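Spelled out from the first residue to the last, the chains are:
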Amino acid sequence: MVDVPQLVAQAREGRPRAVARLISLVEGASPQLREVMATLAPLTGGAYVIGLTGSPGVGKSTSTSALVTAYRRAGKRVGVLAVDPSSPFSGGALLGDRVRMSEHASDPGVYIRSMATRGHLGGLAWSAPQAIRVLDAAGCDVILVETVGVGQSEVEIAAQADTSVVLLAPGMGDGIQAAKAGILEIGDVYVVNKADRDGADATARELNHMLGLGESRGPGDWRPPIVKTVAARSEGIDEVVEALEKHRAWMEEHGVLLERRARRAAGEVETIAVTTLRERIGDLHGDRRLGSLAERIVAGELDPYTAADELVAGLTEG
C-alpha cells in the first residue's frame, strides 16, 4: 500500500518520482485511486490546460517542445502528457517522450510523461483527465496535452483542454482533412507549422476561408487566429503563446473557462459511473439473475428492454 498523503506532498515539492508514481496509480486503475483523487481535489484548478492535435507529421512534438521552452523562459512550471498509440503487446506507449523532448529531460521545472491510448477511441487515454489532475496538483502552471493524430473520432481533446490548438502543415492535404475530421469546430488557435515550405500561405488562406464558411459567431465571440510557425527553429512560437494567453483572458472575461471545466468534470463523472456499472455487469456472467432473466426472454415472458431495466435497477440497488 502506498502512503498517498506523503506521495502527494512529495509531488507538490516537485519530485518527479512522486508525480510518476501517482500517474502510474492512475493508469493502473489502482484500488487506491479514489484516495488519490480525494487527496488531490482541493489542490487542483490552478493549471492552464492546452491541447495540441493534428494529423501525423505536422510537427506536434516539435511544437510542444518549442512551447515548453517558451513557457519555461517565462518562469512557468510545465507538464507534458504525450498520448501515444498503444503497443498491441505490452499496452505501453510506442513512441518515446524522452526521445522527442530530451532537451527538457534534465529541467526540474518540466515533467514529461507518455501515456498509451490502449485502443481508446478519441486519441486520449481514458486516464488522461486524472493524469491532468495529478500534474495540476503537483504545481504545474501549464499542462500541454499532445494527442495521437486527429481523425473522425479523435476530437475529444477539446473536451479535456481549456484551449485547443490544431496544427496543420502545407502539402499534406490538411484543408480537406480538417473539414472531414470536424476539427474546424474544436480549434481555438490554428497553427500552420513548417511555414518555410511552399504552400504555407495557401494553407493559411484556405483555412481562413473554411473557418469563415463555418462561422456563426456573434459580436464579442472568440475568432480563432491562424499563426504560422517553423517550430524546428522556434519561429512564430512567441506569437502562438500570445494567442493562447489572449484566448485564456477572453475565456476568463466571458465565464467560458469555468463552463469548460464544469463540462470536463461532468464528463469525468459520467465516464467513472459508466465504467463502474460496466464492471458490475461484467461480474454478472454466470450470475443467477442474468440467467433467470434470459430464460424468461426465451420463454416469451419478458422483452430484452424490460429485462435490462430490471438488471440495472438490481445493480444500482446492490
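Residues numbered from 1 in each chain as written. Predicted model: local features only at pLDDT ≥ 70, side-chain atom pairs only at ≥ 80, totals over all residues. Heavy atoms only, no water.

*Asks:* It is not clear to me how the overall build of the protein should be interpreted in this structure. Could you clarify?
*Replies:* When you go through the protein residue by residue, the secondary structure sums to 13 helices and 7 strands. Split by element, the accessible area of the protein, about 15,900 Å² in all, is 54% carbon and sulfur. (Helix = DSSP H or I, 4+ residues; strand = E, 2+ residues; numbered from the N terminus. Areas by Shrake-Rupley, 256 points an atom, 1.4 Å probe, with all protein chains shown as cover.)

*Asks:* Please clarify how the nonpolar core should be interpreted in this entry.
*Replies:* Note on soluble globular proteins: their nonpolar side chains tend to be buried together. With 32 residues, the main nonpolar core has Ile-50, Leu-67, Tyr-71, Leu-144, Val-165 and Leu-244 as its most contacted residues. Residue contributions to this core peak at 7 residues, all from helix H10 (residues 237-254). Sequence-distant contacts of Ile-50, defined by excluding residues within four places in its chain, comprise Tyr-71, Val-142, Ile-143, Leu-144, Val-145, Ala-161, Thr-163, Val-165 and Leu-244. (Core = buried A, V, L, I, M, F, W, Y, C linked by side-chain atoms within 4.5 Å. Buried < 20%, exposed > 50% of the residue type's maximum accessible area, 1.4 Å probe, protein only. Contact = heavy atoms within 4.5 Å.)

*Asks:* Please explain unusual backbone geometry as it appears in this structure.
*Replies:* For residues that are not glycine, phi is negative in most cases, and the peptide bond is trans in most cases. One non-glycine residue with positive phi stands out, namely Ala-29, at about 50°. By the secondary structure assignment, Ala-29 is in the loop between helix H2 (16-27) and helix H3 (33-40). A relative accessible area of 43% places Ala-29 in the partly exposed class. The backbone phi angle of Ser-234 is positive, close to 60°, even though this residue is not glycine. Examined against the element boundaries, Ser-234 turns out to sit in the loop between strand E7 (226-228) and H10. For Ser-234, a relative accessible area of 43% puts it in the partly exposed group.

*Asks:* Looking at this model, I keep getting lost on the environment of Arg-12. Mind explaining?
*Replies:* When you line up the elements, Arg-12 lands in helix H1 (residues 4-12). Placed 127 residues apart in sequence, Arg-12 and Gly-139 show a C-alpha to C-alpha distance of 6.0 Å. Setting aside residues up to four positions removed in sequence, Arg-12 forms contacts with Leu-43, Arg-77, Ala-137 and Ala-138. Within polar-contact distance, the side chain of Arg-12 engages the backbone oxygen of Ala-137 at 2.7 Å. (Polar contact = N/O pair within 3.5 Å; in protein donor to acceptor, adjacent residues only side chain to side chain.)

*Asks:* Explanation requested: the pattern of salt bridges in the structure shown.
*Replies:* Side chains carrying opposite charge are able to pair once their charged atoms draw close together. Inspection of the entire model under this criterion finds 15 salt bridges. Of the charged contacts, one joins Arg-15 and Glu-13 as a salt bridge, the two residues approaching to 3.0 Å between their closest N and O atoms. Bridged by salt links that share partners, the residues Asp-162, Arg-261 and Arg-264 form one connected network. (Salt bridge = Lys/Arg side-chain N within 4 Å of Asp/Glu carboxyl O.)

*Asks:* Honestly, H2 in this entry has me stumped. Any pointers?
*Replies:* One turn of an α-helix holds 3.6 residues; hence residues three or four places apart share an orientation. With 12 residues, H2 should reach 16 Å at 1.5 Å per residue; the first-to-last C-alpha distance of 16 Å fits that figure. In this structure, the buried side of H2 is in contact with H1, H3, strand E3 (110-116) and helix H6 (128-137). One or two residues past the end of H2 sits Ala-29, with phi positive at roughly 50°. (Expected span 1.5 Å × (residues − 1).)

*Asks:* Would you take a moment to explain the packing of aromatic side chains for this structure?
*Replies:* Pairs of aromatic rings are described using the distance from one ring centre to the other and the angle between the two planes. Considering all chains together, one arrives at 1 aromatic pair under this definition. With 6.0 Å between their ring centres and 45° between their planes, Trp-222 and Trp-250 make a pair best called tilted. Taken together, the residues Trp-222 in the loop between helix H9 (200-213) and E7 and Trp-250 in helix H10 connect sequence positions 28 residues apart. Residues Trp-222 and Trp-250 agree in their burial class; the two are buried. (Phe/Tyr/Trp six-rings, centres within 6.5 Å; stacked < 30°, edge-to-face > 60°.)

*Asks:* Would you take a moment to explain the environment of Val-241 for this structure?
*Replies:* Residue placement: Val-241 occurs in helix H10. A relative accessible area of 16% places Val-241 in the buried class. For Val-241 and Ala-70, which are 171 residues apart along the polypeptide, the C-alpha to C-alpha distance reads 7.7 Å. Apart from the residues within four sequence positions on either side, Val-241 is in contact with Leu-67, Ala-70 and Tyr-71.

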